[in-house]
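Here is how the chains run, residue by residue.
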Amino acid sequence: MRGLYLVLVLFFSLTITFKFSSCAGICKENEKRALLRLKKEANDPTNILSTWIDGEDCCNWEGVLCHNITGSVIELSINGWDYAEIKGLKIDNFHWLSSLENLNHLDMSGVDLSKATNWTEVINMLPSLVNLRFSNCSLHSIPCVFDHNNSVLENLDLSLNNFSSSIPGWVFSFNNLVSLEFIGSNFIGSFPKGPFNLTSFTTLSASSNLFSSVLPQWLFDLNNLEYLDLSNSLLEGQIPSKVGHFCKLSYLNLAINSLNSTIPNWLYGCKNLETLNLRENKLEGTVSDFISNLTSLTSIDMSLNLLSGKLPSVIGKLGKLEDLDLSENRFEGEVSEIFSTMYDCPPIGSGNCSSLRNLRLNDNKLAGNLPKGFGQLSNLQFCFMENNKLEGVLTEDHFTNLTNLKYFQASKSNLSLSVSSDWIPPFQASDILIGGWRLGPKFPLWIQSQQSIMNLDISNAGIVGEVPTWFWNLSSQIRFLNISHNQLIGEIPTFSISSDSIGSGGPWLIYLNSNNFSGSLPHIPTMVTELDLSDNSLSEGLTNFLCDKGNESYMLTILHLGGNHLSAEIPDCWMNWPELQVLNLGENKLSGGIPRSIGALSKLKSLDLKRNRLSGPLPSSLNNCTNLWKIDLNENELDGNLPPWLGTKLSNLTVLSLRSNKFDGELPPEFCQLSDLQILDLANNKLFGDIPMCVNNFTAMVNGRKIIRDADEEMDYSYYVGVFRESARVATKGNIYQYDTILSLFTSMDLSNNNLSGNIPMNLTTLVGLRSLNFSNNHLIGSIPKDIGNMKVLESLDLSNNQISGEIPRSVASLFSLSYLNVSHNNLTGRIPVSTQLQTFSSSTFSGNKLCGIPLVERCSDEGENPEVGNEEVDRSEDDNEVEWFYVSMAIGFIVTFWGVSAPLLFIRSWRHAYYRFLDRKWKSWHA
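Residues numbered from 1 in each chain as written. Predicted model: local features only at pLDDT ≥ 70, side-chain atom pairs only at ≥ 80, totals over all residues. Heavy atoms only, no water.

### Considerations on the overall build of the chain
Line of reasoning, step 1. Looking only at helices and strands, one finds 11 helices and 56 strands in the chain.
Line of reasoning, step 2. If you take every contact in the chain between residues at least 6 apart in sequence, the share linking residues at least 24 apart comes to 56%.
Line of reasoning, step 3. A total of about 42,200 Å² of accessible surface is found on the chain, and carbon and sulfur atoms cover 51% of it. (Helix = DSSP H or I, 4+ residues; strand = E, 2+ residues; numbered from the N terminus. Contact = heavy atoms within 4.5 Å. Areas by Shrake-Rupley, 256 points an atom, 1.4 Å probe, with all protein chains shown as cover.)

This is how it looks when you write it as structure tokens:
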């Protein structure tokens, strides 16, 4: 019997196969001719339609599917784009399509239909069309009105086109419509006005458009909607506060918009919801405990909003939750709250357990310590908690079952790690970033067990002593290494990169700054991209470090060797470092001139050679570094004239500091072309001549900062944002300050201690964004510009030790931000203006002039009075008059008020009786 059964099965299988092959293999002739016509008329440079050969059955052609009984073509799918050749198929019309009357699926994704302006007629040509996909077809127009006769269309995909118009209402008018996809189609404006009869509609995917409108209420009234993606579409306003009778949503993505409401309550009733993405909006308020109703959730992303309050502890009850991102909000309270209801379970678990694998709570205001239960999240792979207010001690128990942990980032917290010296973590992580934790004083030995480590930050950890040899060997596989701001000693060995890591690409970032390393500079591999060895005790010269590879090029973009004891001359082999963007050799003992090959660094943005012993003129080759934002050469022995090309060629300069050198000559007027200049410091040189009259061209000093043209112009050069920021030493308010994080917001002009002469330019007062101005110790004459009060944000003003004459302008009293002022030792005369600021400065601020008034002891004389009578008496007299008039006014007010009340009681009998009755009732009520 079993043998007979097998024979029968084989017989029926062969019969069915033969029947299918014979029927499916017979293509209708008229449909075949239509497809061949398409091939003939199409522009097909990459032979996408090469399998379409006349004489062969069209049902066997690639992309063609026929009905297994009738032989009619029912599906046509053409992938029109060849990514390898970066070109594809182009079709100009659809005349051939009318013969395919049984077609129910048409997919021409990637085909260039830019000249097929009648593409919407396809819907009417094909009465059986159920699925239409014209994604990435270079379509650029869509009619506002379109009458169609299709009653079966279910799925329409017009993604990745360029319509530049609003969504027309007719696309929602198909009675059987199930799905619409408009991803990246450049739809603009508001949604069409509803409602629409969409009883079967489940899916709308319209992300990455330019709607610039509010969310339509009718969309949320659709009872069968399951999938909604409107992310990155410039939506604004509020999320609708109500929905239809039933919420069947399983996927909701409104990320990267400008929605500014609270989270609506109806959302907590969507029990089928699996993915909720509201990231990068302006949502406010708290997250309700009703979120525990959403038991189907696997992913929550509410990052980059303005949400506040405590973390909802009930989130831990969502047993299916795998991804939770609440980062970059304003949540506060104890971080332990969110773990209080979490329990560990296997990945295929059930009930109240945690499947969490991705947890992001970074950049909030969370406090407290992680509970020991944190160590029971055995599925956890990604954990980000940096930039909070966490504190406390973590032990081995906090990591007991974290066997899958790969990424752990919790820097910038006040946490300590206390483990035994032989502790071996249960995980093999690739990223451990715990900068700021207290790990020392001994070097943490447990790191030796992390054989997969690629990114490690144990900076500012209180570690003291030498770095063990095994760590230097392990570091050969680390792409980002930060052990800065410790008290590490010893020599730094030659860096190497393991052969297993070379092929995996960079970046390779090494930060060993702010320690006590000594010896010579280590050799580095050519693929290292960032190196910071600043603020150590490294010595000897630069030649072996910079020039040892011959003609081999380095990939380094940041080189910071400042604050060491490096000596000798700067070698002339910078042509081997073509990728450098930041070069800082400041605060060393380098001598000689600036080498000409510096000009080969065409990508250089920041050059800092301050506080060395460099001499000679600026090399003319430096004008090739046209991307420079900052030049800081202060406190050297450089000389010669300031070259005009500093203004004409280096037009991107934001910081120019040549302070305390031996430069001479006149200030070139070409400097005024530096419209982005925020900090100009030429103090303590031998410059002479007039201050250029074109200083009003310093646009950044007018606006308060340079105009930001792209994301790179925030002076944050590192691959990892915030790891390496630009800084500058700025002389202001009589002291020198180090600016870094707010450097891009500061503006300063310092030309002090030179031999400049002439008048202060009157248009200087147009620099209304200037915060610090110092022209002291020159030979300036004339008067202080009368409109100086327009410089409202000026915090520091020093014009001392010049020959400025005339009165202090009254507008100075409007400088409410002024906290430092010095106009001493000039030829100023007259009364010191009265303001809330000026009288608080010491008398030395105004000494050495012919001024009078507070805070000086010299009193001002008024016209017709003895010159000996000072300004204080005049002020006192004025004050006395004010006091007399105060008492007079008070007396008049009393008299008017008294008689205004008493007169009616005296002369109007009815008022008097009513008043007495009122007093009588009150007296009785008090004694009742």
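From this point, the discussion proceeds with the structure in view.
### Overview of the nonpolar core
Line of reasoning, step 1. Judged by nonpolar contacts, the single largest core of 235 residues is most densely connected at Leu106, Phe134, Leu230, Trp574 and Met749.
Line of reasoning, step 2. Considering every element that reaches this core, the biggest residue donor is helix H5 (residues 469-474), with four residues.
Line of reasoning, step 3. The contact partners of Trp574, leaving out residues within four places of it in the chain, are Leu546, Leu559, Leu580, Leu583, Leu585, Pro595, Ser597, Ile598 and Leu601.
Line of reasoning, step 4. With nine residues, the next largest nonpolar core counts Leu509, Ile558, Trp629 and Phe724 among its residues. (Core = buried A, V, L, I, M, F, W, Y, C linked by side-chain atoms within 4.5 Å. Buried < 20%, exposed > 50% of the residue type's maximum accessible area, 1.4 Å probe, protein only.)

### Observations regarding the state of the cysteines
Line of reasoning, step 1. This model, assessed by the stated rule, comprises six disulfides.
Line of reasoning, step 2. Here Cys27 pairs with Cys58 through a disulfide, and the sulfurs are 1.7 Å apart. Handedness of the Cys27-Cys58 disulfide follows from its S-S torsion of about 80°: it is right-handed. Of the two residues, Cys27 is situated in the loop between helix H1 (2-24) and helix H2 (29-41) and Cys58 in the loop between H2 and strand E1 (64-66); the sequence distance between them amounts to 31 residues.
Line of reasoning, step 3. You can call Cys27 buried: its relative accessible area is 13%.
Line of reasoning, step 4. For Cys852, the disulfide goes to Cys860, at an S-S distance of 1.8 Å. Taking the sign of the torsion about the S-S bond as the criterion, the disulfide between Cys852 and Cys860, at about 105°, is right-handed.
Line of reasoning, step 5. In this structure Cys860 comes out as buried when scored by relative accessible area, which is 2%. (Disulfide = S-S within 2.5 Å.)

### Focus: the sheet that holds strand E22 (residues 389-394)
Line of reasoning, step 1. Here we have five strands laid out as an open sheet, ordered E16-E18-E20-E22-E24, and parallel in their pairing. The sheet terminates laterally at strand E16 (308-310) and strand E24 (414-417), the two strands that pair on one side only. Strand-to-strand, the axes of this sheet are offset by a mean angle of 20°, without reference to chain direction.
Line of reasoning, step 2. Direction of pairing for E22 relative to E24: parallel, over a ladder of four bridges. Paired with Glu391 across the two strands is Asn414, which belongs to E24. (Pairing = 2+ DSSP bridges. Axes fitted to C-alpha atoms, helices over the stretch in contact; angles between N-to-C directions.)

### Overview of the environment of Leu773
Line of reasoning, step 1. Mapped onto the fold, Leu773 is located in strand E50 (residues 772-774).
Line of reasoning, step 2. Note on Leu773: relative accessible area 1%, which makes it buried.
Line of reasoning, step 3. Separated by 41 residues in sequence, Leu773 and Thr732 place their C-alpha atoms 7.9 Å apart.
Line of reasoning, step 4. The residues contacting Leu773, other than those within four sequence positions of it, are Met749, Leu764, Leu794, Ser796, Leu797 and Asp798.

### Observations concerning H2
Line of reasoning, step 1. Its 13 residues give H2 an end-to-end C-alpha distance of 18 Å, which sits within 8% of 18 Å, the value for a rise of 1.5 Å per residue.
Line of reasoning, step 2. Taken together, the buried positions of H2 are occupied by Glu31, Lys32, Ala34, Leu35, Leu36 and Leu38. (Expected span 1.5 Å × (residues − 1).)

### Regarding the sheet that holds strand E55 (residues 827-831)
Across a sheet, paired strands are connected by hydrogen bonds in the backbone, their directions being either parallel or antiparallel.
Line of reasoning, step 1. The strand order across the open sheet built from three strands is E53-E55-E56, with neighbouring strands paired in parallel fashion. Where the open sheet ends on each side, the last strands, each with one partner, are strand E53 (805-807) and strand E56 (850-852). Sheet twist, expressed as the average angle between the axes of neighbouring strands with direction ignored, equals 20°.
Line of reasoning, step 2. In this sheet, E56 lies alongside E55 in parallel orientation, the contact comprising three bridges. Opposite Thr829, over in E56, you have Lys850 as the bridge partner.

### Side note on the UniProt feature "domain: Leucine-rich repeat-containing N-terminal plant-type" (unreviewed entry) in the chain
Line of reasoning, step 1. Following the UniProt record, one finds the feature "domain: Leucine-rich repeat-containing N-terminal plant-type" (unreviewed entry) at residues 30-66.
Line of reasoning, step 2. Strand forms 8% of residues 30-66 and helix 32%; the C-alpha atoms that close the span are 14 Å apart. (UniProt positions renumbered as here; feature names shortened; annotations may be inferred.)

### A word on the packing of aromatic side chains
Line of reasoning, step 1. The final tally for this structure, using the stated rule, is 32 aromatic pairs.
Line of reasoning, step 2. Ring plane angle 80° and centroid distance 6.4 Å describe the contact between Trp170 and Phe174, whose orientation is recorded as edge-to-face.
Line of reasoning, step 3. Take Trp170: its relative accessible area is 6%, and that puts it in the buried class.
Line of reasoning, step 4. Between Phe443 and Phe471, the ring centres sit 4.9 Å apart and the planes meet at 65°, which makes this aromatic pair edge-to-face. Residue Phe443 is located in the loop between strand E25 (431-433) and strand E26 (455-457), and its partner Phe471 is located in helix H5; the two are separated by 28 residues in the primary sequence.
Line of reasoning, step 5. Members of the aromatic cluster, connected to one another through ring pairs, are Phe339, Phe374, Phe399, Phe408, Trp423, Phe427, Trp437 and Trp446.
Line of reasoning, step 6. One residue, Arg479, lies across the ring of Trp508, its end atom 6.0 Å from the ring centre. (Phe/Tyr/Trp six-rings, centres within 6.5 Å; stacked < 30°, edge-to-face > 60°. Lys NZ or Arg CZ within 6 Å of the ring centre and 35° of its normal.)

### Some words on the pattern of salt bridges
Line of reasoning, step 1. Taken as a whole and judged by the stated rule, the model has 21 salt bridges.
Line of reasoning, step 2. Ionic pairing is found between Glu579 and Lys603, a salt bridge with its closest N-O pair at 2.7 Å. Of the two residues, Glu579 sits in the loop between strand E35 (565-569) and strand E36 (582-584) while Lys603 sits in the loop between strand E37 (589-592) and strand E38 (606-608), which places them 24 residues apart along the sequence.
Line of reasoning, step 3. Salt-bridge contacts for Asp681 lead to Arg659; the nearest nitrogen and oxygen are separated by 3.2 Å. Here Asp681 is found in strand E44 (residues 679-681), whereas its partner Arg659 is found in the loop between strand E42 (655-657) and strand E43 (662-666), with 22 residues between them in sequence.
Line of reasoning, step 4. Overall, the relative accessible area of 4% leaves Asp681 in the buried class.
Line of reasoning, step 5. Salt bridges sharing common partners tie together Glu29, Lys32, Arg33 and Asp54. (Salt bridge = Lys/Arg side-chain N within 4 Å of Asp/Glu carboxyl O.)

### A look at the environment of Ser452
Line of reasoning, step 1. The topology assignment puts Ser452 in the loop between E25 and E26.
Line of reasoning, step 2. When the C-alpha positions of Ser452 and Ile478 are compared, they lie 8.8 Å apart, and in sequence the two are 26 residues distant.
Line of reasoning, step 3. Other than its neighbours up to four places away in sequence, Ser452 contacts Gln428, Ala429, Ser430 and Gln477.

### A word on the pairing of strand E49 (residues 755-759)
Line of reasoning, step 1. Here three bridges tie strand E45 (residues 686-690) to E49, and the two strands are oriented parallel to one another. Looking at E49, one finds that Phe688 is bridged to Asn755.
Line of reasoning, step 2. Summarising the sheet, E49 and strand E51 (residues 779-781) pair through three bridges and their orientation is parallel. Among the inter-strand pairings, Gly758 is bridged to a residue of E51, identified as Leu780.

### As for a nonpolar patch on the surface
Line of reasoning, step 1. Side chains of Ile188, Leu210 and Leu234 sit close together on the surface and give an oily, nonpolar patch of about 230 Å² of accessible area.
Line of reasoning, step 2. Along the chain, the position of Leu234 falls in the loop between strand E10 (227-229) and strand E11 (236-237). (Patch = residues over 30% accessible without salt bridge, like charges linked within 9 Å, V, L, I, M, F, W, Y side chains within 5 Å.)

### Quick notes on unusual backbone geometry
Line of reasoning, step 1. Backbone torsion omega between Gly440 and Pro441 reads 10°, so that peptide bond is classified as cis.
Line of reasoning, step 2. Relative to the helices and strands, Pro441 is located in the loop between E25 and E26.
Line of reasoning, step 3. Geometrically, the link from Ile854 to Pro855 is a cis peptide bond, its omega value of 15° lying close to zero.
Line of reasoning, step 4. Inspection of the secondary structure assignment puts Pro855 in the loop between E56 and helix H10 (871-907).
Line of reasoning, step 5. Of note, Ser208 is a non-glycine position whose phi angle comes to about 60°, a positive value.
Line of reasoning, step 6. With respect to the secondary-structure elements, Ser208 resides in the loop between strand E9 (203-205) and helix H4 (217-220).
Line of reasoning, step 7. Positive phi, close to 55°, is recorded for Glu587, a residue that is not glycine.
Line of reasoning, step 8. Take Glu587: it is sitting in the loop between E36 and E37.

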